[in-house]
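Structure at a glance
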Amino acid sequence: MIIVSDNAKEQILKLKQDEGRKDNENIRVSVKGGGCSGLMYDLGFDENISDSDQVFEDKGVKIIVDKKSLLYLAGTTLEFSDGLNGKGFQFVNPNASRTCGCGESFSI
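Just so it is clear, the structure is predicted and the values come from calculations on it, not from any experiment. (Residues numbered from 1 in each chain as written. Predicted model: local features only at pLDDT ≥ 70, side-chain atom pairs only at ≥ 80, totals over all residues. Heavy atoms only, no water.)

1. Structural notes on the packing of aromatic side chains
As enumerated under the stated definition, the model contains two aromatic pairs in all. For the pair Tyr41 and Phe91, a centre-to-centre distance of 4.0 Å together with 15 degrees between the ring planes defines the contact as stacked. In this pair, Tyr41 is assigned in strand β3 (residues 39-46) and Phe91 in strand β7 (residues 86-92), connecting sequence segments 50 residues apart. Relative to Phe89, the ring of Phe80 has its centre 5.0 Å away and its plane inclined at 65 degrees; by these criteria the two rings are edge-to-face. (Phe/Tyr/Trp six-rings, centres within 6.5 Å; stacked < 30°, edge-to-face > 60°. Helix = DSSP H or I, 4+ residues; strand = E, 2+ residues; numbered from the N terminus.)

2. A few points about the nonpolar core
Of all hydrophobic cores here, the largest spans 19 residues; its most connected members are Ile12, Ile27, Val29, Ile63, Val65 and Leu73. The set of elements that each furnish at least two residues to this core consists of α1 (6-18), β2 (26-33), β3, β5 (61-66), α2 (67-73) and β6 (77-83). Apart from the residues lying within four places of it in its own chain, the contact partners of Ile27 are Ile12, Leu43, Gly44, Phe45, Val61, Lys62, Ile63 and Ile64. (Core = buried A, V, L, I, M, F, W, Y, C linked by side-chain atoms within 4.5 Å. Buried < 20%, exposed > 50% of the residue type's maximum accessible area, 1.4 Å probe, protein only. Contact = heavy atoms within 4.5 Å.)

3. Let's talk about the environment of Asp42
By the secondary structure assignment, Asp42 is in strand β3. Judged by its relative accessible area of 32%, Asp42 falls in the partly exposed class. Here the alpha-carbon distance between Asp42 and Arg28, two residues 14 residues apart in the chain, equals 7.9 Å. Setting aside residues no more than four positions away along its own chain, Asp42 makes contact with Arg28, Val29, Ser30 and Lys32. Within the local environment of Asp42, its side chain forms a polar contact with the side chain of Lys32, the two groups lying 3.2 Å apart. (Polar contact = N/O pair within 3.5 Å; in protein donor to acceptor, adjacent residues only side chain to side chain.)

4. Some details on the pattern of salt bridges
A pair can form between side chains of opposite charge whenever their charged atoms are brought close. In the structure shown here, the tally under the stated rule is eight salt bridges. With a shortest N-O distance of 2.6 Å, Asp46 and Arg28 are connected by a salt bridge. Within this pair, whereas Asp46 is found in strand β3, its partner Arg28 is found in strand β2, the two being separated by 18 residues in sequence. Pair check on accessibility: Asp46 and Arg28 agree, each one buried. (Salt bridge = Lys/Arg side-chain N within 4 Å of Asp/Glu carboxyl O.)

5. Digging into the side chain of Asp46
Overall, Asp46 belongs to the buried group, its relative accessible area being 17%. A polar contact is formed between the side chain of Asp46 and the side chain of Arg28, at a distance of 2.6 Å. At a separation of 2.9 Å, a polar atom in the side chain of Asp46 contacts the main-chain amide nitrogen of Asn48. Discounting residues that sit within four places of it in the chain, Asp46 has contacts with Asn24, Glu25, Asn26, Arg28 and Ile64.

6. Description of the confidence of the model for the chain
In this model, the chain carries an average pLDDT of 85, and 82% of its residues clear a pLDDT of 70 or more. Ranking the elements of the chain by mean pLDDT puts strand β9 (residues 105-107) last, at 51, and strand β1 (residues 3-4) first, at 96. (pLDDT = per-residue confidence, 0-100.)

7. Quick look at unusual backbone geometry
Phi at Lys59 takes a positive value of approximately 55 degrees, unusual for a residue other than glycine. Locating Lys59 in the fold gives a position in the loop between β4 (53-58) and β5.

What follows is the structure in structure tokens.
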């Protein structure tokens, strides 16, 4: 399961409205190879759900995760910060043994 913070929920709904997204477009979270720590997060809107996807809902936000990525993301919280250290979505991943300074990549 992936948890969505209140700030992340507000920002997702705002982006969806600002970008004119359809109601059936949900958040897709995945993990890809790359970044300075070996793996990186990918986040975007998607209206397609395949049979191999897992769909979670938290605070009214549907999140789509492919099965391979779920191995790395189980228990992760999606946060949004607009503080002094930068603005953007952040992943608080209990499975990550190491993360990079930018917070966009990690290793297990």
